[in-house]
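# Structural overview for review
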Amino acid sequence: MLNKLKERLRQKEYRRLFAVIIASKVIGVVVLLLAMKAASAYLFTPAFADDAPAPPPAYVNPINTMWTVIAAFLVFFMQAGFMGLEAGFARTRETVNVLLEGIVDTCLCGILFWAWGFAFMFGAGNGFIGHQYFFLQGVPETYGSTGVAFLAYWLFQFAFADTCSTITSGAMVGRTGFVGDLLYSFGVSGFIYPIIGHWAWGPDGWLTAIQPVAFHDFAGSTVVHTIGGFIALSGCIVLGPRLGRKFKRDGGGAMPGHDMTIAAIGGVILWFGWYGFNPGSTLSAMDAAGCGRVAANTTLAACAGGLSALFFMYPRNKIWDCGMTVNGFLAGLVAITCPCYWVSPTGAIILGAVAGVVCALAVDLMEWLRLDDPVGAVAVHGACGIWGTLSLGLLGCGLYGAPGPTGADNSDASVVTGLFYGGGTKVLVSQAIGSASITVATFAVSMLMMYAVKLTGTLRVSKEGEIEGLDVHEHGGTAYPELIGAGSSMHSPMGSGGVASTAAAE
Amino acid sequence: MKVEAIIREDCLDAVVGRLLLIHVQGLTVFPVKGAARGDAHRAVFRGSSYPVPFVSKLLIEWYGTDDEAEAVVRAIQRAAATGTGGDGKIFVERVEEAVRIRTGERGLDAI
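Residues numbered from 1 in each chain as written. Chains lettered and ligands numbered in written order. Predicted model: local features only at pLDDT ≥ 70, side-chain atom pairs only at ≥ 80, totals over all residues.

### Things to note about the overall build of chain A
Scanning chain A from terminus to terminus reveals 16 helices and four strands. Dimensions of chain A, computed from the C-alpha atoms along their principal axes, are close to 90 × 75 × 55 Å. Counting every position in chain A, which comprises 506 residues, the buried fraction comes to 48%. Considering only contacts in chain A between residues 6 or more positions apart, those separated by 24 or more positions represent 77%. (Helix = DSSP H or I, 4+ residues; strand = E, 2+ residues; numbered from the N terminus. Buried ≥ 20, exposed ≤ 12 C-beta atoms within 10 Å, placed from the backbone. Contact = placed C-beta atoms within 7 Å.)

This is the structure:
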């Protein structure tokens, strides 16, 4: 393509055409800028400074609410990304199962979050669990001090909860029974995520009250990703590997996924959805600088994570590894999720680059431990969630405090300063306490839950079912029926139809 | 005569084009997998490598008179050769009988 361009640039007519195109674009931009300048001079009168602090203008709540619902839509779209990524990294034989789990997790999570998930997580209560707004009864107009319409806030948080439960299914692809999936999803969306999430994000969660610095988790490296990742780990341990999976220590290797196209596109859709996940967590469009900084940091960490995973893996096999690069940029995104508001762009690049390597090493560790995680959910979400949470204690740049409904609060009392910026170890200690307590609690509870589901006999499909393939065994057909004889003929693939009945008709 | 050739997937167009030049039409093409000689090729998925014991090839079959067969063999050999390992093989066999299903014609008439 570059050669073609070069060739064309040598021809005079093409050169002239390019010049015309570029000149017209420049003129267009200049005219547009002038028009904007003129319009703003006419439309807006300069603001006058008042001595007394005025109440926030009436447009603040609608603007913040609109930003929050748009961010919620973006976060919701991450489901499409997860489904693509997990289906692509799975084998052909379990594709329908992966897709249906993604959809059913979403539906189940919505109902549970309406019934009691939101109440446990965001209702007032004690430090460990909330108990307010069950079935969304008795709700105020806006949530807390955010100024965001209550149900918009609920929608945004539902999208987060949904993400957490979908992460879990990733590590359990290919051998989980569908009923078992429903049972553990019920536990994840209805109990584990809301209750443990309450500790960090609830209005009176105990992690928000630890001294001298509260535990900070801006958009959920710990609350969403570490919880999801460690439930995935426990599922992976209790289930055991897929039939026929041999690990590197035993002379085996990976079971390749079946569609790198859909996996890579799914990864990029997740990246796109992250622009709702992180910037949306300001819950305030009025903190415009914060939104912009968070979005830029999110991008930079993903870029650095993708590149570091790519170059870290190259020497091993002397190939440029697409699957690991997708995991690498997702690792960068997971890591930046907690510190995105408080770090500088340079800090984002550093922590994203480290995350890419952490992810690759965690994948190796899982392989060494003989744990079969088909999509790398534990490495990406579990390990990098912990790294991202701790990284705030190192890289918090000491300039930014907290977003508020009418703008950022960057006062000295609220800024977060990490170890590398002269803030000492107190933020790092708080982050470590928060990350460790949530990780350990999640892992312990989810191990119990997975064993309980296993006792019901539904967690893992039968050996016959697994050999047959989950799609055929549980869902009555493969995702690609035309690839396997039946259905590739011009006749309906019916037992009594086909050639014989056509001949009889003649 | 039956000419059977195992060729590279991307050589099919060249082979068909070459056969058209000598006015030979009518091929059957099968996608096939073969075990390569020597070490198995290795592929990588998310950082860990795994062996790929089989490589994809195409098997083409042509049926025709004895006179044409030699020209067909030569055409396929020229069109499918890239000079590197894995170009494939050609086999020639005698055919006992041929029947056209639609009309029931036999022998050379059926071809």
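Further notes follow.
### Considerations on the overall build of chain B
Counting its regular elements, chain B contains two helices and six strands. The secondary structure elements of chain B, listed N-terminal to C-terminal, are β-α-β-β-β-β-α-β. The C-alpha radius of gyration computed for chain B amounts to 17 Å, which surpasses the reference 13 Å derived for 111 residues by more than 25%, pointing to a less compact arrangement than a globule. Referenced to the eigenvectors of the C-alpha coordinate spread, the extents of chain B come out at roughly 60 × 30 × 20 Å. (Rg over C-alpha atoms; globule rule 2.2 N^0.38 Å.)

### Here's the deal with helix H13 (residues 426–455) of chain A
Between its first and last C-alpha, H13(A) extends 44 Å over 30 residues, near the 44 Å set by a 1.5 Å rise per residue. After H13(A) finishes, the residue Gly457(A) shows a positive phi value of roughly 80°. (Expected span 1.5 Å × (residues − 1).)

### With respect to the packing of helix H3 (residues 60–89) of chain A against helix H5 (residues 150–170) of chain A
Residues and elements named next belong to chain A. Contact pair H3 / H5: the axes reach a minimum separation of 8 Å and the direction vectors enclose 15°. What the angle tells us is that H3 and H5 run roughly parallel. As H3 packs across H5, the resulting crossing turns out to be left-handed. Across the interface between the two elements, Thr65, Thr68, Val69, Ala71, Ala72, Val75, Phe76, Met78, Gln79, Phe82 and Glu86 of H3 pack against Ala152, Tyr153, Leu155, Phe156, Ala159, Phe160, Asp162, Thr163, Thr166 and Gly170 of H5. Residue classes in the contact of H3 with H5 are distributed as 13 nonpolar, six polar and two charged. (Axes fitted to C-alpha atoms, helices over the stretch in contact; angles between N-to-C directions. Parallel < 35°, antiparallel > 145°, perpendicular 65-115°, else oblique. Left-handed = near helix turned anticlockwise from the far one by under 90°. Nonpolar A, V, L, I, M, F, W, Y, C, P; charged D, E, K, R; others polar.)

### As for the confidence of the model for chain B
Residue and element names in this part refer to chain B. For chain B, per-residue confidence averages 89 on the pLDDT scale, and residues scoring 70 or more make up 97% of the total. For chain B, per-element mean pLDDT is lowest for strand S4 (residues 48–52), which scores 82, and highest for strand S6 (residues 89–93), which scores 95. Model confidence for the complex is summarised by a pTM of 0.82, with the ipTM given as 0.71. (pLDDT = per-residue confidence, 0-100.)

### Quick word on the sheet that holds S6(B)
Sheet strands pair via backbone hydrogen bonds, and the direction of the pair is either parallel or antiparallel. Residue and element names in this part refer to chain B. Across the sheet, four strands lie side by side as S2-S5-S1-S6; this open sheet has antiparallel pairing. Two strands close off the open sheet at either side, each with one partner strand: strand S2 (28–35) and S6. Direction aside, neighbouring strands of the sheet carry axes that sit 25° apart on average. Two elements, strand S1 (residues 2–7) and strand S5 (residues 54–63), share six bridges in a ladder whose sense is antiparallel. Across the sheet, valine 3 pairs through a bridge with tryptophan 62, a residue of S5. Sitting on the sheet, helix H2 (residues 66–80) is in contact with S1, S5 and S6, with an inclination near 5° to S1. (Pairing = 2+ DSSP bridges.)

### Focus on the interface of chain A and chain B
Each side of the interface is counted separately: chain A has 16 residues, and chain B has eight residues. If you list the elements that add at least two residues to the side of chain A that touches chain B, you get helix H9 (288–317), helix H10 (322–337) and helix H11 (345–368) of chain A. Grouping the amino acids of the side of chain A that touches chain B by side-chain chemistry returns seven nonpolar, six polar and three charged.

### So, the confidence of the model for chain A
Residue and element names in this part refer to chain A. For chain A, mean pLDDT is 89; residues scoring 70 or higher make up 91% of the total. Note that pLDDT drops below 50 for residues 485–489; the model gives that stretch six contacts with residues more than four away or on any other chain. Note on residues 493–506: pLDDT under 50 across the span, and six contacts to partners over four residues away in sequence or across chains.

### Details of the packing of helix H6 (residues 178–201) of chain A against H13(A)
Residues and elements named next belong to chain A. Following both chains from N to C, one finds H6 and H13 inclined at 155°, their axes separated by 11 Å at the closest point. Classified by the angle between their axes, H6 and H13 sit roughly antiparallel to one another. Handedness of the crossing formed by H6 with H13: right-handed. In contact with Gly180, Leu183, Tyr184, Gly187, Ile192, Ile196, Trp199 and Ala200 of H6, H13 contributes Gly434, Ile438, Ala441, Thr442, Val445, Ser446, Met449, Met450 and Val453.

### Comments concerning unusual backbone geometry
Residues and elements named next belong to chain A. For the bond from glutamine 211 to proline 212, the omega torsion is -5°, close enough to zero to count as cis. By the element assignment, proline 212 lies in the loop between H6 and helix H7 (221–239). Positive phi is not limited to glycine here, since tyrosine 133 has a value of about 65°. Inspection of the secondary structure assignment puts tyrosine 133 in the loop between helix H4 (95–122) and strand S1 (142–143). We classify tyrosine 133 as buried; it has 22 C-beta atoms within 10 Å.

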